[in-house]
Amino acid sequence: MSLSRIKHVRAFVARGAGADYHDQGAGHWIDDHIATPMSRYPEYRQSRQSFGINVLGTLVVEIEAEDGTIGFAVTTGGEPAAYIVEKHLARFLEGRSPVEVEKIWDQMYFSTQYYGRKGLVVNAISGVDLALWDLLGKLRGEPVYHMLGGAVRDELQFYATGARPDVAKELGFIGGKLPLHHGPAEGLEGLEKNIALLADMRSKCGDDFWLMCDCWMALDLDYATRLAHRAWNECGLKWIEEALSPDDYWAYAELRKKAPPGLLVTTGEHEATRWGFRMLIDMGCCDIIQPDVGWCGGVTELIKIANYADSRGVMMIPHGSSVYSYHFVITRHNSPFAEFLMMHPGPTEVVPMFAPQLLGEPVPQNGRIRVSALDKPGFGVELNADVPLHRPYTH
Ligand SMILES: C[C@H](O)[C@H](O)[C@@H](O)[C@@H](O)C(=O)O
Ligand SMILES: [Mg+2]
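Basis of the calculations
- Residues numbered from 1 in each chain as written.
- Chains lettered and ligands numbered in written order.
- Predicted model: local features only at pLDDT ≥ 70, side-chain atom pairs only at ≥ 80, totals over all residues.
- Heavy atoms only, no water.
- Axes fitted to C-alpha atoms, helices over the stretch in contact; angles between N-to-C directions.
- Helix = DSSP H or I, 4+ residues; strand = E, 2+ residues; numbered from the N terminus.
- Parallel < 35°, antiparallel > 145°, perpendicular 65-115°, else oblique.
- Contact = heavy atoms within 4.5 Å.
- Nonpolar A, V, L, I, M, F, W, Y, C, P; charged D, E, K, R; others polar.
- Donors = N, O, S within 2.8 Å, 3.2 Å for Na, K, Ca; no water.
- Buried < 20%, exposed > 50% of the residue type's maximum accessible area, 1.4 Å probe, protein only.
- Near = heavy atom within 4 Å.
- Polar contact = N/O pair within 3.5 Å; in protein donor to acceptor, adjacent residues only side chain to side chain.
- Areas by Shrake-Rupley, 256 points an atom, 1.4 Å probe, with all protein chains shown as cover.
- Phe/Tyr/Trp six-rings, centres within 6.5 Å; stacked < 30°, edge-to-face > 60°.
- UniProt positions renumbered as here; feature names shortened; annotations may be inferred.
- Pairing = 2+ DSSP bridges.
- Salt bridge = Lys/Arg side-chain N within 4 Å of Asp/Glu carboxyl O.

1. Some thoughts on the packing of helix α3 (residues 120-140) against helix α10 (residues 299-311)
As a packed pair, α3 and α10 sit with axes 8 Å apart at the nearest point and diverge in direction by 100 degrees. On the basis of their axis angle, the class for α3 and α10 is roughly perpendicular. For the pair formed by α3 and α10, the contact residues are Asp 129, Leu 130 and Trp 133 on the first element and Val 299, Thr 300 and Ile 303 on the second. A per-class count over the contact of α3 with α10 returns 4 nonpolar, 1 polar and 1 charged.

2. Digging into the coordination of the magnesium ion (ligand 2)
Looking at the metal site, the magnesium ion (ligand 2) is ligated by Asp 214 (OD), Glu 241 (OE) and Glu 269 (OE), spaced 2.0 to 2.1 Å from it. All donor residues of the magnesium ion (ligand 2) come from one chain, and their arrangement in sequence is D-x26-E-x27-E. Of the two residues, Glu 241 is situated in strand β7 (residues 239-241) and Glu 269 in the loop between β8 (264-267) and α9 (273-282); the sequence distance between them amounts to 28 residues. One exposure class covers both Glu 241 and Glu 269, and it is buried.

3. Things to note about the site of ligand 1
The immediate surroundings of ligand 1 are formed by 15 residues, with Tyr 21, His 22, Lys 177, Asp 214 and Glu 339 found nearest. The contact in question runs from an oxygen atom of ligand 1 to an N or O atom on the side chain of His 319, over 3.3 Å. Taking Glu 339, its side chain carries an N or O atom lying 2.5 Å from an oxygen atom of ligand 1. When ligand 1 sits alone it has 320 Å² of accessible area, and the protein chains cover 100% of it. A breakdown of the residues in the shell around ligand 1 according to their chemical character gives 6 nonpolar, 3 polar and 6 charged.

4. Concerning the environment of Leu 255
Looking at where Leu 255 falls in the secondary structure, it is placed in helix α8 (residues 249-258). A residue is classified by how much of its surface remains accessible, and Leu 255, at 0% relative accessible area, is buried. Separated by 29 residues in the primary sequence, Leu 255 and Gly 284 place their C-alpha atoms 9.9 Å from one another. Sequence-distant contacts of Leu 255, defined by excluding residues within four places in its chain, comprise Leu 221, Ala 224, Thr 225, Ala 243, Leu 244 and Val 265.

5. Overview of the packing of aromatic side chains
Taken as a whole and assessed by the stated rule, the structure comprises 16 aromatic pairs. With a centroid separation of 5.1 Å and 10 degrees between ring planes, the pair formed by Trp 105 and Tyr 109 is classed as stacked. Linking Trp 105 with Tyr 109, this pair stays in helix α2 (residues 101-112), spanning 4 residues, or about one helical turn. Judged by relative accessible area, Trp 105 falls into the buried class, the value being 2%. We classify Tyr 109 as buried; its relative accessible area is 3%. Taking the centre distance of 5.1 Å and the plane angle of 90 degrees together, the rings of Tyr 159 and Trp 239 count as edge-to-face. Taken together, the positions of Tyr 159 in strand β4 (residues 155-161) and Trp 239 in strand β7 put the pair 80 residues apart, joining distant regions of the chain.

6. Quick look at the UniProt feature "site: Transition state stabilizer" (unreviewed entry) in the protein
UniProt tags Glu 339 as "site: Transition state stabilizer" (unreviewed entry). Positionally, Glu 339 belongs in strand β11 (residues 338-341). Each residue touching Glu 339, except ones within four places of it in the same chain, is listed here: Phe 158, Tyr 159, Thr 161, Lys 177, Pro 318, His 319, Gly 320, Tyr 326 and Met 353. A polar contact of 3.4 Å, which involves the side chain of Glu 339, links it to the side chain of Tyr 159.

7. Let's talk about the pairing of β4
With 5 of 7 residues buried, β4 lies mostly within the body of the structure. As judged from the 3 bridges shared by β4 and strand β13 (residues 368-370), these two strands associate in the antiparallel manner. Bridge pairing in β13 places Gln 157 opposite Arg 368. Here β4 pairs with β11 via 4 bridges, running parallel. For Tyr 159, the partnering residue across the bridge sits in β11 and is Glu 339.

8. Describing the pattern of salt bridges
Throughout the structure, instances matching the rule amount to 25 salt bridges. The shortest N-O distance in the salt bridge between Arg 164 and Asp 166 comes to 2.8 Å. Taking the relative accessible area as the measure of exposure, Arg 164 reaches 32% and is therefore partly exposed. Looking at Asp 166, the relative accessible area reads 11%, which means it is buried. Between Asp 222 and Arg 226 there is a salt bridge; the shortest N-O distance is 3.2 Å.

Following this line, the structure appears as structure tokens:
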């Protein structure tokens, strides 16, 4: 049985939220004085957009088969990623069978290894890989999660990331993850403000609701250790996320040793490939790895990452990436819940994570999504034709 071969690969850029979810309008919680490595510069403290967090925009990858079927995917990458897809990666797909996901991934990765390995290049590879799995599912008439081994549970349960864990609790989520607002450059005063916010949220959410803190690479080991102990003792924090630079495996290993027993240390959304996550796991950097399937290498690589984590008893909870992680999480025992990024500006209501780019994107009801919501071919979503697309390069 042969499937229709790949005829065209096309890369587009879309602006305005979607997969580049930091690309929001003014007044959004996600750009409100959130601590980052750039917070050491006062001029870049109030807004992450001021230093360029949304500079790339969304990469849209389309893969068209000879029979006209089109698989697509969206991820963060914009125009530079479109260049890599059109001028470098497309040659490994056109004319090939869409079944060859492993061989195509291998050729995309090792042909770009001399200038890639992580970041933008692996985002581009991930976008192509996700579009290929979408095409495969559409050609076979089955959802991606079927091709990954089928569901191990009847529904997905979510924690919510955003400025309002108290609202997340009311909406039925199992936990709420707050962004950290003040980094080391704001000293003890900033630390006290961080703790005060966490304590306020703990009082509003009650003692049993999961409360987490996302530090977006902003801290040093000393500050992270102090924050970990204060937030655990005073606010019952469940995990401290991405406290340090993704490259500082050594500091993560130290933080995990210094953190209070019971507080989980998590990271990984800016890590890539099986080799990067093996480093995090083998060096004892974290209790939960959080790859983003649109940034770590796609589904084909996430299979390897997740299986390595599973063999070492490490939970794999993907960074919020809409349907692209849902179809994976539902098939894995060591992924018992998932992240839902609250993209409403408040956030006081649930809106699709990659709005407005994906039509048919399922959203949690009472903090859950039934597996039946995933029962459509591929990733089960279509590109919103009302979203303007720009194709900056061809080949
Ligand atoms: C809320 C965080 O600052 C990031 O914006 C968020 O996208 C990411 O770190 C996450 O874990 O969702
Ligand atoms: Mg995070």
